Amino acid sequence: MTVVYDWLIGPFADFSFMRRALVACLALSLGAGPVGVFLVLRRMSLIGDTMAHSVLPGAAVGFMVAGLSLPAMSLGGFVAGVVVALFSGLVTRFTPLKEDASFASFFLISLAIGVLLVSTHGSTVDLMHVLFGSILGVDDTSLLLMASVATLSLGAFAVIFRGLVAECFDPSFLRALGARGGVYHTVFLILVVLNMVSGFQALGTLMAVGLMMLPATAARFWAREVWSLIALATAVGLLSGYAGLVLSYQLNLPSGPAIVLVAGGFYLFSLLAGPRDGMLYLILRRRHLRS
Amino acid sequence: MPALIELRDLTITYDRHPAVHHLSGQFRQGSLTAVVGPNGAGKSSLIKAVAGLHKPSQGEVVFHGAGPRDLAYLPQAAAIDESFPISVFDVVLMGHWRRAGAFRPMAGAMREAAASALHNVGLDGFEHRPFGSLSAGQRQRVLFARLLVADCPLIMLDEPFTAVDSRTTADLLRLVERWHDEGRTVIAVLHDFEQVRRHFPETLLLAREAVAWGATAKVLTTENLLAARAMSEAWDSEADICRGAA
């Protein structure tokens, strides 16, 4: 009994930094769940990745102006992310370039500016911090930021949910009725950037996408409606956060990759055993059809 | 019957290549019109422009007495992500958008309307099935149920019967005829001339320009069809960039 306690609960009971990290993971998962699900549904999975990278120069500018200050870096990151999303959106709309290509172009420019800024004005340690985050170093300010972003995201999703689902399913039907589908897309992109910024302090820009996408892709093998996908993705995110922190504490691993790898484990397990077109299911069904 | 939709010198281009070229004419209120023509004749482009989904590069679409909000549009089957995780009932409920919008609750009467629409397309008991698990014909029935719920005076269908089995086609054609009897204006892009002759009183034969437009029997003549094919082939080899009215 004590072994179980020592493994699963002890770290959080003993250390406040572990409790903060856990709360941070909970907050992140609440926002990242729906964001990830809609990114998958809109076939924008890789755009999450590009958005994560594009946040970097903004965070670097924030760092140059105010030092290692989370609000400044977050604000900078948010602005950079929205600018990239905005320009990419305009290019997609007015030129033949497709959405993924225009996002890729702008994020690469943005990333290069970011690396340039960090390497001329900061140290490599700072760059590592932005790229990989440090969930064990989460303070009150960042916790507040993550909780606010999660609250705002859930509220915003509640408001745009019907429109966003209808627009994902069949944009032409809505637009023919005079609905402004573009509004939902824009609000959604802003939510993506917000959650990315909220995640980069804890997990870093690279790992934050992991907590967004892996639970969503895992949920795809179990759930069959948007709301249940979101519920499941959020639950997987929460569990991954908790289990990743436990593993990172007990086995002395870096926490960000540990969390994302647990989420990756959930994904691989779902891919194998999920009842909605999981591999075992497909194999069994083929056998059934043959006999 | 007065004109409901008037096309004034309409030109629709993609990358400056005209898909529809200086087309003028009108769809009368309560008319049931088939839009036919060779591949690449601009049929889909035309109804997308009328539905407000593609901006014409020249000319305009004028509505008389109906707004774009009165227009229900059924896209080509390929435009809908069939693997989207949504239940049949939720798809049909989307038809209420005009009344419910993004926020108003869909309760009571609206749910009953959706259930009765499903009944009308022969899909009783399919409410909770995932849309993606249905056959192509059943999916098309669901989308027609959504049109029923939308209850719009103006209905535009882009290749509604492509890849749909013959029994479903017959059932859905009965709905189209019912809409016509109810005085709604229906415009459909079609391929099957036999079907058009039997069910659609009016036809627009399109080959980027109107080859003929009017009563179906007068439009679908051998000469006109040959002319349409010749025009469409000429377009392909000839100057592709619009140089204004010829």
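What counts and how
- Residues numbered from 1 in each chain as written.
- Chains lettered and ligands numbered in written order.
- Predicted model: local features only at pLDDT ≥ 70, side-chain atom pairs only at ≥ 80, totals over all residues.
- Heavy atoms only, no water.
- Helix = DSSP H or I, 4+ residues; strand = E, 2+ residues; numbered from the N terminus.
- Rg over C-alpha atoms; globule rule 2.2 N^0.38 Å.
- Contact = heavy atoms within 4.5 Å.
- Areas by Shrake-Rupley, 256 points an atom, 1.4 Å probe, with all protein chains shown as cover.
- Lys, Arg positive; Asp, Glu negative; His and termini not counted.
- Charge placed at Lys NZ, Arg CZ, Asp CG, Glu CD.
- pLDDT = per-residue confidence, 0-100.
- Salt bridge = Lys/Arg side-chain N within 4 Å of Asp/Glu carboxyl O.
- Buried area = accessible area lost by both parts, 1.4 Å probe.
- Polar contact = N/O pair within 3.5 Å; in protein donor to acceptor, adjacent residues only side chain to side chain.
- Expected span 1.5 Å × (residues − 1).
- Buried < 20%, exposed > 50% of the residue type's maximum accessible area, 1.4 Å probe, protein only.
- Core = buried A, V, L, I, M, F, W, Y, C linked by side-chain atoms within 4.5 Å.
- Domains from an automatic or database assignment.
- Pairing = 2+ DSSP bridges.
- Axes fitted to C-alpha atoms, helices over the stretch in contact; angles between N-to-C directions.
- Bend = angle between axes of the 7 residues up to and from the residue.

Q: Quick question: what am I supposed to make of the overall build of chain A here?
A: Helix and strand counts for chain A come out as 14 helices and 0 strands. Helices and strands appear in chain A in the N-to-C order α-α-α-α-α-α-α-α-α-α-α-α-α-α. The globule rule puts the C-alpha radius of gyration for 291 residues at 19 Å, and the 20 Å found for chain A is close to it. In chain A, the proportion of contacts linking residues at least 24 apart, taken out of those at least 6 apart, comes to 76%. On chain A, roughly 13,400 Å² of surface is accessible, and the fraction owed to carbon and sulfur atoms is 72%. Considering chain A, the positive charge centre built from 16 side chains and the negative charge centre built from 12 side chains are found 14 Å apart.

Q: How should the confidence of the model for chain A be read in this particular structure?
A: Atom-level detail of predicted coordinates should not be read off regions where pLDDT is low. A residue-level look at chain A finds 95% of positions with pLDDT of 70 or above and a mean pLDDT of 86. Of all secondary-structure elements in chain A, the lowest mean pLDDT belongs to helix α8 (residues 124-132) of chain A, at 65, while helix α12 (residues 226-250) of chain A reaches the highest, 95.

Q: Can you walk me through the pattern of salt bridges in this structure?
A: Any two side chains of opposite charge can pair, on the condition that their charged atoms come close. Residues and elements named next belong to chain B. Within this structure, the stated rule accounts for 15 salt bridges over all chains. Notably, a salt bridge pairs E82 with R139, separated by 3.4 Å at the nearest N-O pair. One end of the pair, E82, is in the loop between β5 (71-74) and α2 (88-93); the other, R139, is in helix α5 (residues 136-150), with 57 residues separating them in the sequence. E182 is the salt-bridge partner of R178, the closest N and O atoms lying 3.5 Å from each other. Each of D151, R178, E182 and R184 takes part in one network of salt bridges that share partners.

Q: How do you make sense of the interface of chain A and chain B when you look at a structure like this?
A: Many authors give the size of an interface as the accessible area that is lost as the parts come together. With 24 residues of chain A at the interface, the matching set in chain B holds 38 residues. Here chain A and chain B share an interface that buries about 2,600 Å² over both sides, 62% of which is from carbon and sulfur atoms. At the boundary of chain A and chain B, one finds 2 salt bridges. Note that R43 of chain A is salt-bridged to D81 of chain B, the shortest N-O span being 3.0 Å. For the interface between chain A and chain B, the tally reads 7 residue pairs in polar contact (both at pLDDT 80 or more). Mapped onto the side of chain A that touches chain B, the elements with two or more residues apiece are α9 (140-169), α10 (171-176) and α12 of chain A. Considering every element that reaches the side of chain A that touches chain B, the biggest residue donor is α9 of chain A, with 7 residues.

Q: Where do I start with helix α7 (residues 99-121) of chain A in this structure?
A: An α-helical segment advances 3.6 residues per turn. Residues three or four places apart therefore align on the same side. Spanning 23 residues, α7 of chain A covers 33 Å between terminal C-alpha atoms, matching the ideal 33 Å at 1.5 Å per step. S102, F103, F107, S110, L111, G114, L117 and V118 of chain A are the residues of α7 of chain A that are buried.

Q: Mind showing me how you'd approach unusual backbone geometry here?
A: Glycine aside, residues mostly have negative phi angles, and peptide bonds mostly take the trans form. If you check the backbone angles, N252 of chain A has positive phi at about 60 degrees while not being a glycine. Take N252 of chain A: it is sitting in the loop between α12 and α13 (255-273). Residue H22 of chain B is not a glycine yet carries a positive backbone phi of 45 degrees. Structurally, H22 of chain B is set in strand β2 (residues 17-28).

Q: Looking at this structure, how should I read the environment of A80 of chain A?
A: Residues and elements named next belong to chain A. Position of A80 among the secondary structure elements: in helix α6 (residues 70-94). Residue A80 is classed as buried on the basis of its relative accessible area, which comes to 12%. C-alpha separation for the pair A80 and Y249, spaced 169 residues apart in sequence, amounts to 34 Å. In contact with A80, other than residues within four places in its own chain, are S54, V55, P57 and G58.

Q: Hey, could you run me through the nonpolar core in this one?
A: As a rule of thumb, soluble globular proteins bury nonpolar side chains together. In this structure, F38 and F169 of chain A together with F144, L147, L157, V176 and F200 of chain B are the most contacted members of the largest nonpolar core, which totals 105 residues. Looking at this core, the element that brings in the most residues is helix α11 (residues 181-219) of chain A, giving 15 residues. With near-sequence residues (within four places) excluded, L147 of chain B lies in contact with F173 of chain A together with A72, Y73, L74, I155, L157 and W179 of chain B.

Q: Looking at this structure, how should I read the domain arrangement of chain B?
A: Residue and element names in this part refer to chain B. Parsing chain B into structural domains produces domain 1 (1-66 + 153-164 + 184-246) and domain 2 (77-151). Counting residues at the interface gives 8 residues for domain 1 and 7 residues for domain 2. Together, the buried faces of domain 1 and domain 2 total about 560 Å²; carbon and sulfur atoms form 63% of this surface. Counting across the domain 1 and domain 2 interface gives 1 salt bridge.

Q: In this structure, what is going on with the sheet that holds strand β4 (residues 58-63) of chain B? I would like to understand it.
A: Strands pair in a sheet through their backbones, by hydrogen bonds, and they do so in one of two ways: parallel or antiparallel. Residues and elements named next belong to chain B. The strand order across the open sheet built from 3 strands is β2-β1-β4, with neighbouring strands paired in antiparallel fashion. Looking at strand neighbours, the two that pair on one side only are β2 and β4, the edges of this open sheet. Across the sheet, the axes of successive neighbouring strands diverge by a mean angle of 15 degrees, strand direction being ignored. Alignment of strand β1 (residues 3-14) against β4, held across 5 bridges, turns out to be antiparallel. Within β4, the residue paired with T11 across the bridge is Q58. Against the sheet, helix α1 (residues 43-50) engages β1, β2 and β4, with an angle of about 120 degrees to β1.

Q: Looking at this structure, how should I read the sheet that holds strand β6 (residues 154-158) of chain B?
A: Residues and elements named next belong to chain B. Taken together, 6 strands build an open sheet; the order of strands is β5-β6-β7-β3-β8-β9 and the sheet is mixed. Each edge of the open sheet carries a strand with a single partner, namely β5 and β9 (209-215). Between one strand axis and the next, the sheet turns by 15 degrees as a mean value, whatever way the strands run. Where strand β8 (residues 202-207) lies against β9, 6 bridges are found, and the strand directions are antiparallel.

Q: Explanation requested: α11 of chain A in the structure shown.
A: All names here are of chain A. For α11, with 39 residues, the first-to-last C-alpha span of 26 Å runs short of the 57 Å given by 1.5 Å per residue. Along α11, the sharpest change in direction is near 115 degrees and occurs at Q201. For α11, the buried fraction is high: 31 of the 39 residues fall into the buried class.

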